[in-house]
Amino acid sequence: MGRINAPRAGPPLRAGCAFGAREGPWAPLIPARQFSGSGPCAISADGSGGGLPIVSPVSELLEIDELRQRFEVHGQGHVFDFWEQLDARERGALARQATRLAESLGELIEDQRTAVAALGTDTEPDSISPGEAIPLPEHGGNPVQAEAAREHGLRLLSAGRVGICVVAGGQGTRLGFKGPKGAFPIGPVSNRSLFALQAQKIRGLARRSGHTMPWYVMTSEATDASTRALFEAEDYFGLDPQSVRIFTQGMLPAWDLDARLILEAPHRIAESPNGHGGALTALDESGILDDMEARGVDRLFYYQVDNPLVRLGDPVYLGFHEECRAEMSCKVVRKADAQEKVGVVARVHGRPSVIEYTEFSENLRDKRDADGGLLYWAGNIAIHIFNLDFLRRIARDSARLLPVHASPKVIESVNSPLNLRASDGPNGYKLERFVFDALPWADRTCVLEVRATEEFSPIKNAEGKDSPESSRAQLVGCYRAWMEQAGIPVPPEIDAIEIDHSVIDSADEAIATGLANLVDAGGAILVSKGPTGRKS
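Cut-offs used in this document
- Along each chain, numbering runs from 1 in the same order as the chain's sequence is written.
- The predicted nature of this model means local features are confined to residues of pLDDT at least 70 and side-chain atom pairs, given and counted, to a pLDDT of 80 or more, with totals for whole chains, interfaces and linings taken over all residues.
- Processing note: side-chain calculations cover all non-hydrogen atoms of the structure and skip hydrogens and water entirely.
- Strand pairing follows a simple DSSP-based rule, namely that at least 2 bridges must link the two strands.
- Put simply, DSSP H or I for four residues or longer makes a helix, DSSP E for two residues or longer makes a strand, and each gets a number counted from the N terminus.
- The angle between two axes is taken between their N-to-C directions and runs from 0 to 180 degrees, where each axis is a line fitted to C-alpha atoms and a helix contributes only its stretch in contact.
- Every angle not falling under 35 degrees, over 145, or within 65 to 115 is termed oblique; those three ranges are roughly parallel, roughly antiparallel and roughly perpendicular.
- The criterion used for residue contact is that any of the two residues' heavy atoms lie within 4.5 Å.
- Three residue categories are used. Nonpolar comprises Ala, Val, Leu, Ile, Met, Phe, Trp, Tyr, Cys and Pro, charged comprises Asp, Glu, Lys and Arg, and polar comprises the others, including Gly.
- Disulfide assignment relies on a single distance test, namely cysteine sulfur atoms paired within 2.5 Å.
- Each residue is placed in one exposure class: buried if its accessible area under a 1.4 Å probe, protein chains only, is under 20% of its type's maximum, exposed if it is over 50%, and partly exposed if it falls in between.
- Salt-bridge detection follows one rule: a side-chain nitrogen of Lys or Arg within 4 Å of a carboxyl oxygen of Asp or Glu.
- Buried residues of nine kinds, namely Ala, Val, Leu, Ile, Met, Phe, Trp, Tyr and Cys, make up a nonpolar core once their side-chain atoms join them within 4.5 Å.
- For a helix, the expected span equals 1.5 Å multiplied by the residue count minus one.
- Here a polar contact means two N or O atoms within 3.5 Å. Within protein one must be a hydrogen donor candidate and the other an acceptor candidate, and residues neighboring in sequence count only if both atoms are side-chain atoms.
- Residues are called lining when one of their atoms sits within 4 Å of a cavity or pocket point, these points coming from a 1 Å grid over the protein atoms alone, where a cavity is a set in which a 1.4 Å probe fits but cannot get out and a pocket is an open set with protein on both sides within 12 Å along at least five of seven lines.
- Grid points are joined across faces, edges and corners, and a volume is the space filled by probe spheres set on the points.
- Convention used here: a crossover is right-handed provided that the path from the first strand, over the helix, to the second strand proceeds clockwise when the strands point away from the viewer.

(A) Layout of the sheet that holds strand β18 (residues 428-433). Judged by pairing direction, the sheet is antiparallel, and its three strands sit side by side in the order β8-β18-β17 without closing on themselves. Looking at strand neighbours, the two that pair on one side only are β8 (255-256) and β17 (404-409), the edges of this open sheet. Judged from the six bridges that link them, β17 and β18 form a sheet pairing that is antiparallel. From the neighbouring strand, Val404 faces β18, where its bridge partner is Arg433.

Now the structure itself:
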């Protein structure tokens, strides 16, 4: 079983909502180490040497001899094996990247060793116990409390205290789609993109609350330029451009099986996005947290772009978060089966934690309760609420609080003797941080159970489960249910329905429209009698 990333020791727990809380002062924040090169830069703007010193966004470039020495000291001198073959531009690119990594090379190596060593290790079974959650009504939840939470959440939205953050650094490669995943066409009738659908929901929130919601969109190096271009081309999907802030997550280097940095090209060290946990540091480093404070926003609703069913700014969720006085909250669903690939919310060493499915032992995964149900049923669906002050605390001490995880991967390499075909198995490790590793550090937490059929339909695979086809089918199922509850008849020959979420975003709103039929809805409700993407 993989590493469980809750601290082993700490202040005692005190009573909290759903999961409890932690007392005691926080350890002092660890300041970022400052670094600057010594002496004049030996590499000019074109990488050829000479000229004025160049300053990178991180630090002054180091002389090539000093760079080589720093990497050789850590057993990574091979990074410069192709130096003599590189042209001026390529040398400049490698020098800039190496200078950036040299600042924390020792720490990066230690993170890699710790993460790889954790793969396949066991955690004491008695340190893990089932978590608790505010249940759905069918599992003992109180509808009256849920309605009170809704009113509390609506007041929070109406006060303009809520911002929206989407993690959108992924590409649609696995789906056979070129471009950022947020641009993937998902509308069952219109083929509108994930971004467009989610922008509809934000416009609906603004209409209902009377406040513009800031939308913070996290990209990666691979998707940043194309995402910015898309938002401009689509006129920010009908949102005020001043309410949209696009920022980029950091990167972490990849390592081969012998703990050596991988060169994906003679002049470039392989790097990949630092995981959804990187959002917490990127929010701080990009100035987003300061932007939130300036806007009067102190609650951040966080989600991942590939889930079209997400209920953005859900007032019930926000209300329970407030009533629990939580610093961080999670939504969970009941796992469909023991093998479902979602992390599990549980207690580790007495603290609320999320155990990634790749790090959950088979023994615990299959355990059953007295009624035959899964003992560890609470599947994390990556929808969180954070308080602003908690985000600042985590972001500025993230190296200590958010451990690095390793994933074996097939990585393009010019310095690996292994064949790169996937059938030959991984030739290295990519590293990333997980956002849910912040959960044990919250003084108080709240976990809310929701229905997977209504709120969780991620697009991960090209076909089958968690595919565009299955996700569109779930969207259509939700829309049909809304129409049925509102008494709006849907002819049997209709194959697909699509609702404009800026107009109708729930069954209650469908009822409130007073519509008697689909024709009267105009463009708010689209239907199709044929293949997806053709309106009728």
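(B) Region of interest: the packing of helix α4 (residues 143-158) against helix α9 (residues 315-323). Here α4 crosses α9 at 95°, and the two axes come no closer than 6 Å. For the element pair α4 / α9, the angle class is roughly perpendicular. Contact residues: α4 offers Gln145, Ala146, Ala148, Ala149, Arg150, His152, Gly153, Leu154, Leu156 and Leu157, while α9 offers Pro315, Val316, Leu318, Gly319, Phe320, Glu322 and Glu323. Split into classes, the residues belonging to the contact of α4 with α9 amount to ten nonpolar, four polar and three charged.

(C) Main features of the state of the cysteines. Scanning all chains against the criterion turns up zero disulfides. The closest cysteine sulfur to the non-disulfide-bonded Cys330 is located on Cys446, 8.9 Å from its own sulfur. Of all cysteine sulfurs in the structure, the one in Cys324 sits closest to Cys446, which takes part in no disulfide; the separation is 3.5 Å. With a relative accessible area of 0%, Cys446 lands in the buried category.

(D) Main features of the pattern of salt bridges. According to the stated counting rule, one finds 34 salt bridges in the structure shown. Put simply, Arg192 and Glu498 hold a salt bridge, and the shortest N to O gap is 2.0 Å. You can see Arg192 sitting in the loop between β4 (162-167) and α5 (194-209) and its partner Glu498 sitting in strand β20 (residues 496-499), a full 306 residues away along the chain. With relative accessibility at 1%, the residue Glu498 sits in the buried group.

(E) Broad picture of the nonpolar core. Of all hydrophobic cores here, the largest spans 69 residues; its most connected members are Ile164, Trp215, Phe301 and Ile525. In terms of residue count, the dominant contributor to this core is α5 (seven residues). By size, the runner-up hydrophobic cluster in this structure holds 39 residues, among which are Tyr216, Met218, Ala282 and Tyr302.

(F) Representation of the environment of Thr219 within the structure. Within the secondary structure, Thr219 is located in strand β5 (residues 215-219). Classification of Thr219 as buried rests on a relative accessible area of 0%. In sequence terms Thr219 and Gln249 are 30 residues apart; their C-alpha atoms lie 6.2 Å from each other. Sequence-distant contacts of Thr219, that is, excluding residues within four places in its chain, are made with Ala168, Gly169, Asp224, Thr227, Ile246, Phe247, Thr248 and Gln249.

(G) Representation of helix α2 (residues 88-102) in the model. The end-to-end C-alpha distance of α2 is 21 Å, a good match for the 21 Å that 15 residues give at a rise of 1.5 Å each. Buried residues along α2 sit against α1 (64-73), α3 (105-118), β7 (251-253), β10 (268-269) and β11 (271-273). At the N-terminal end of α2, a side-chain oxygen is found 3.2 Å from the backbone nitrogen of Arg89, two or three residues along, and the residue is Asp87.

(H) A look at empty space enclosed by the protein. Counting across every chain of the model gives three cavities of 30 Å³ or more. One number sums up the size of the largest cavity: a volume of about 50 Å³. Around the largest cavity, the lining is made up of eleven residues, and of these Gly131, Glu132, Val345, Trp377 and Ala378 lie nearest the centre. Tallied by class, residues from the lining of the largest cavity come to nine nonpolar, one polar and one charged.

(I) The pairing of strand β6 (residues 244-248), seen in detail. The pairing of β5 with β6 spans five bridges and is parallel. Across the sheet, the residue bridging to Val217 is Ile246, located in β6. In this region the chain leaves β5, passes through helix α6 (residues 224-233) and returns to the parallel neighbour β6; the handedness of that crossover is right-handed.

(J) Looking closely at the pairing of β4. For β4, the buried fraction is high: six of the six residues fall into the buried class. The alternating pattern of β4 places Val162, Ile164 and Val166 and Gly163, Cys165 and Val167 on opposite faces, both of which are buried. Sheet topology places β4 next to strand β12 (residues 299-304); six bridges connect them, and they run parallel. Counterpart to Cys165 in the pairing with β12 is Tyr302. Of the strand pairs in this sheet, β4 and β5 are connected by four bridges, and their pairing is parallel. Across the sheet, residue Ile164 finds its bridge partner in β5, namely Trp215.

(K) Summary view of unusual backbone geometry. The phi dihedral of Asn191 is positive, around 65°, even though this residue is not glycine. Mapped onto the secondary structure, Asn191 falls in the loop between β4 and α5. For Asn191, a relative accessible area of 34% puts it in the partly exposed group.

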